[in-house]
Structures are given as C-alpha cells and as structure tokens.
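Residue-level listing of the chains:
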Amino acid sequence: MKLLTTLNRILLLAILAVAAGLAIWLYKSPTAPEIKMEQARIADIKPLIRLCTMDLYEDVPMKGDVGPKHIVARVTLTGSISFDLENIEMDERNDSIFVVLPPEIVDIYESTDAESYRVIDTWNDNFFGSSTFTTAEENSLKSKLRERYRAKVYAKGYVRRARSEAKDNITRLLANISGKTVIVTDPTPNGTPGGI
Amino acid sequence: MNRFSIYLILLALAVLPGCKRGEEPQRNYYAEVKAVNKLVLAQMSVSKMATIDDLKIDEANGPRQVMEAMLNAIKIGDRVAVYSYDTYMRAYIDLGSMTPDDISYDKASKTITLNLPRISTEFMGRDMEIREEHYRVNGLRSAIDEKERAHIKEVMNTAIKMEVENNTAFREKLISEAETKARAFFQSLLGENDTHVIVNFKN
C-alpha cells in the first residue's frame, strides 16, 4: 500500500515535470507574426530648390465623429514652411537684384517619432452600435485635422514669421554669392491661406 | 464560509483592480516652432506595405505557432488586409552655417568657388492617412479597427527607420540627387557671362 502511494507520488511529479517542460517549450517558441511586411522601396525622388525657414512639431488631439461614432486620438504632427527658389521672380538692374518672395509651401505630415498616432478612445452613442471606424472614415478625420492645423499655422502667425525670415535669408544668400545689393519684396506678408 | 475566507475575498477584491498589465504612457502635449535656414535640394518618398493575415499551418514555425495556426484554421471566415503609406525624407544644406569665406571669386579665370556645407538628410514625416490596398474580413471574424491600424503603422514606422538606417542606398541616392541639383542651381544663378562655377561640399 505504501509502495503504491510512493509510486503515485513519483508518477504525479513526473507528470508535473513534463507539463512544466511543455509549458516552457511552448512559451519559449516563437509566436506567430501578426504583420507581414514588404521591404521598403523608394517611390519617388524629386530634386528641388526650396528655402525652408520654419520647422513645426506639435502634438495635437484629434477629436471627431462619424454619425454616432466618436474617436479621440493624439497625433504628433511635423511640418515645414518653405519657398520655391527655382521659379523665383528675379530682376537684375544695374548693381541690384530685385526679388519677389514667392508663395509659401506649408507641408504637414505625421511625425515618424514613436507613438505619433495613438487612439485613446472610441465609442458609439447607440448602446449596441459598433464603435469601429473604417479606414476611409479615419482618413477623412485625419484630412480634416491637417486642414485645421494648416489654418492654425496661418492664424498663429507662423507663416508671417516664416516669410519674414525668408526675406532676410534670401537677401543674405544672394548678396553673399553675387556681391550685389539685393532687395526682396513681399507682396503677401501674411501668406496665402488656401493658396498652395 | 468562515470569517477568514470572507476577509481573503475582500482583500482580493481590494487588491485586484490595482493589477494592470501596463501603465499607459502619459505624454504631455508638446509644441515646437523653430526658425531654420535650410536649402532643401531633394525629397524622397519611401513606400512600405504590410499585410495582416492568419498564419497557415504550413507556414508555422515551432509548437506555439502551430497551435495558433490550428486555432486560426477552425475560425469561421477570413481576415486579410493590406495597408501601405509613404514616409518622406529630405536632403538639405544648412545655409546658416555658411560664412563669407565659403565664397570666392577669381577674376582672372572668371571662376566662382562655392564651398557649401555638408548635405544632411532627415525624415520629414509620413502620410497621415493610411492606404487600404486590400480588405477582406468575413464570416465571424472581427473587423480591423483603428487601434490595430495605428499599431500596424507603428510597426511599419519602426521597420522603415531601421531599413533606412541599415541600407545606405536610401541616403546615398538622395544625397546624390541633391548634389546634382545644387550644382545645376548655382551654375544657373551665377554662371552668366561665361563665369565658371565650382560647387564643393564640405565633409
């Protein structure tokens, strides 16, 4: 009887050891990849000449709704205000260069820093309704956010500041390399919202 | 049930809600507006594509993946989606670091020599929107939601940055375009009346 109890204990211990070994083996083995990725590829290379006078970086909240569905997220935006120097209007008279400052180009992107887009909450006003946003719905909310941010860039005077910097920088650059007097005029010091 | 058991249950109820898997990172909203003086010479868009798909048994590697693949096999319906987006890089020179000594003119040979600052590259950002190239979720499978898409974008972002870091071809191509463009621009700007323009880049 005593021998049987001892055998039972040994058997139990053996089963436990095998189970533990199996659990460790399963735990240590690689998990299934959730996402399969293609190699990154160059889609386009564009040579250009742009004077960038302002870099923007801002965390902004994204609050939006589509029907009864609502979303709250945090987006880190990056952007720049630049000027196309390739097609700049330039006139040389005597020993002076007259330049007209071109319209600004306001680029706004999502940052490549970690966690630049984080969905905080989604919900549906209807108790049994789905709170899942489709890609098209989410993209549309992001486009609206970009346009709101673009408007803010003008409203906060960032464009005005960028244009003023551009005026100084172009004057300095052309005067240095040409040795001539440079006069830069700005027809729209506040920029052209909705222009480019 | 004795009093000790009741205390134990009450204690567990008090303590368990405090057990969280991980604290959500609390980041303050941050804003920075910086005046710069960069002459951007080239821009590159890098495209990345990713697929969400169930793991098949024949693709499984190791017991855990086999178990997951077997579980996937008994799920009713399919869940496949392909997403892509572009990330943008630019090559520029910092005009703020140029000094008058970087420009010289030799009257005898009618030659202007420009010693431009070293060309730098940087990420400008990525598309805010994500492109849904393919979406097939049917049966009893759950839809791919915004949190999962945000996660995919995060994973793709990390991968792109690593690929650009490890594969010098990305930056080399961009810098090469930028150098050509800078030479052509300054030649057209200063190369009037048979003036010869030499553009060098500092190391």
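Everything numeric here is computed off the predicted structure, so don't read it as measured data.

Here is what the cut-offs are and how they apply
- Residues numbered from 1 in each chain as written.
- Chains lettered and ligands numbered in written order.
- Predicted model: local features only at pLDDT ≥ 70, side-chain atom pairs only at ≥ 80, totals over all residues.
- Helix = DSSP H or I, 4+ residues; strand = E, 2+ residues; numbered from the N terminus.
- Rg over C-alpha atoms; globule rule 2.2 N^0.38 Å.
- Expected span 1.5 Å × (residues − 1).
- Buried ≥ 20, exposed ≤ 12 C-beta atoms within 10 Å, placed from the backbone.
- Arc of directions from axis to C-beta.
- Contact = placed C-beta atoms within 7 Å.
- Nonpolar A, V, L, I, M, F, W, Y, C, P; charged D, E, K, R; others polar.
- Pairing = 2+ DSSP bridges.
- Axes fitted to C-alpha atoms, helices over the stretch in contact; angles between N-to-C directions.
- pLDDT = per-residue confidence, 0-100.

Things to note about the overall build of chain A
(1) Moving on: Along the backbone of chain A there are three helices and eight strands.
(2) Moving on: The helix and strand sequence of chain A, counted from the amino end, reads α-β-β-β-β-β-β-β-α-α-β.
(3) Moving on: Against the globule reference of 16 Å for 196 residues, chain A gives a C-alpha radius of gyration of 31 Å, more extended than a compact globule.
(4) Moving on: Summarising its shape, the C-alpha atoms of chain A cover approximately 120 × 45 × 25 Å along the three principal directions.

Quick notes on helix α2 (residues 135-155) of chain A
(1) Moving on: Here α2 of chain A spans 30 Å end to end across 21 residues, near enough to the 30 Å set by a 1.5 Å rise per residue.
(2) Moving on: Those residues of α2 of chain A lying buried are E138, L141, K142, L145 and V153 of chain A. Projected down its long axis, α2 of chain A shows its buried positions confined to an angular sector of 125°, all on one face. Facing away from the buried side of α2 of chain A by more than 90 degrees, the exposed set consists of A136, S143, K144, E147, A151 and A155 of chain A.
(3) Moving on: Buried-residue contacts for α2 of chain A involve β2 (41-66), β3 (69-84), β6 (104-110) and α3 (158-178) of chain A together with α3 (146-166) of chain B.

Here's the deal with helix α4 (residues 169-190) of chain B
All names here are of chain B.
(1) Moving on: The end-to-end C-alpha distance of α4 is 32 Å, a good match for the 32 Å that 22 residues give at a rise of 1.5 Å each.
(2) Moving on: When we look at burial in α4, the residues that qualify are F170, L174, E177, A178, K181 and A182. Each buried residue of α4 sits inside an arc of 140° when the element is viewed along its axis, so together they form one side. The exposed residues of α4 that point more than 90 degrees off its buried face are A169 and E172.

Here's the deal with the interface of chain B and chain A
(1) Moving on: With 74 residues of chain B in contact, the opposing surface of chain A contributes 60 residues.
(2) Moving on: Elements represented by at least two residues in the side of chain B that touches chain A include exactly β1 (31-52), α2 (63-74), β2 (79-94), β5 (120-126), α3 and α4 of chain B.
(3) Moving on: Looking at the side of chain B that touches chain A, its residues break down into 39 nonpolar, 12 polar and 23 charged.

Examining the sheet that holds strand β4 (residues 111-116) of chain B
Residue and element names in this part refer to chain B.
(1) Moving on: What the three strands build is an open sheet, ordered β3-β4-β7; its pairing is mixed. Because the sheet does not close on itself, it has two edges, and the strands there are β3 (103-106) and β7 (196-201). Recorded for the sheet is a direction-independent mean angle of 15° between the axes of neighbouring strands.
(2) Moving on: As defined by bridge partners, β4 adjoins β7 across six bridges and the pair is classed as parallel. Across the sheet, the residue bridging to N115 is N200, located in β7.
(3) Moving on: Running over the sheet, α4 touches β4 and β7 and is turned about 150° from β7.

Structural notes on unusual backbone geometry
Note: most peptide bonds trans; most residues except glycine with negative phi.
(1) Moving on: Non-glycine residue E115 of chain A carries a positive phi angle of around 55°.
(2) Moving on: Turning to its location among the elements, E115 of chain A is positioned in the loop between β6 and β7 (117-124).
(3) Moving on: Assessed through the 13 C-beta atoms surrounding it within 10 Å, E115 of chain A is described here as partly exposed.
(4) Moving on: Although it is not a glycine, K110 of chain B adopts a positive phi angle of roughly 50°.

Notes on the sheet that holds strand β4 (residues 89-93) of chain A
Adjacent strands of a sheet pair through backbone hydrogen bonds, lying either parallel or antiparallel.
All names here are of chain A.
(1) Moving on: Taken in spatial order, the three strands of this open sheet run β4-β5-β8, and their pairing is mixed. With partners counted over all chains shown, the strands left at the sheet margins are β4 and β8 (181-185), one partner each. Neighbour to neighbour, the strand axes of the sheet diverge by 20° on average, direction disregarded.
(2) Moving on: Lying on the sheet, α3 is in contact with β5 (96-100) and β8; it crosses β8 at an angle near 155°.

Comments concerning the pairing of β3 of chain A
Residue and element names in this part refer to chain A.
(1) Moving on: Taken together, the 16 bridges between β2 and β3 define a ladder with antiparallel strand orientation. Following the sheet pairing, V60 is matched in β3 by V75.
(2) Moving on: Connecting β2 to the antiparallel partner β3 that follows it, the hairpin turn spans two residues, and G67 within it adopts a positive phi of roughly 60°.
(3) Moving on: In this structure, β3 lies alongside β7, joined through seven bridges in antiparallel fashion. By the bridge assignment for β7, V72 is matched with D121.
(4) Moving on: Where β3 and β6 come together, seven bridges link them in antiparallel fashion. When the bridges of β6 are listed, G79 appears paired with I108.

Re the confidence of the model for chain B
Detailed conclusions should not be drawn from predicted coordinates in areas where pLDDT is low.
Residues and elements named next belong to chain B.
(1) Moving on: Residue-level pLDDT values for chain B average 87, and 86% of them are 70 or greater.
(2) Moving on: Scored below 50 in pLDDT, residues 18-22 makes zero contacts in the model with residues more than four places away or belonging to other chains.
(3) Moving on: Taken over the whole predicted complex, pTM reads 0.84, whereas the ipTM for its chain interfaces reads 0.84.

With respect to the environment of Q39 of chain A
(1) Moving on: Mapped onto the secondary structure, Q39 of chain A falls in the loop between β1 (35-37) and β2.
(2) Moving on: Of the residues examined, Q39 of chain A has 11 C-beta atoms within 10 Å and is grouped as exposed.

Structural notes on the environment of K147 of chain B
(1) Moving on: Along the chain, K147 of chain B falls in helix α3.
(2) Moving on: With 15 C-beta atoms counted inside 10 Å, the residue K147 of chain B sits in the partly exposed group.

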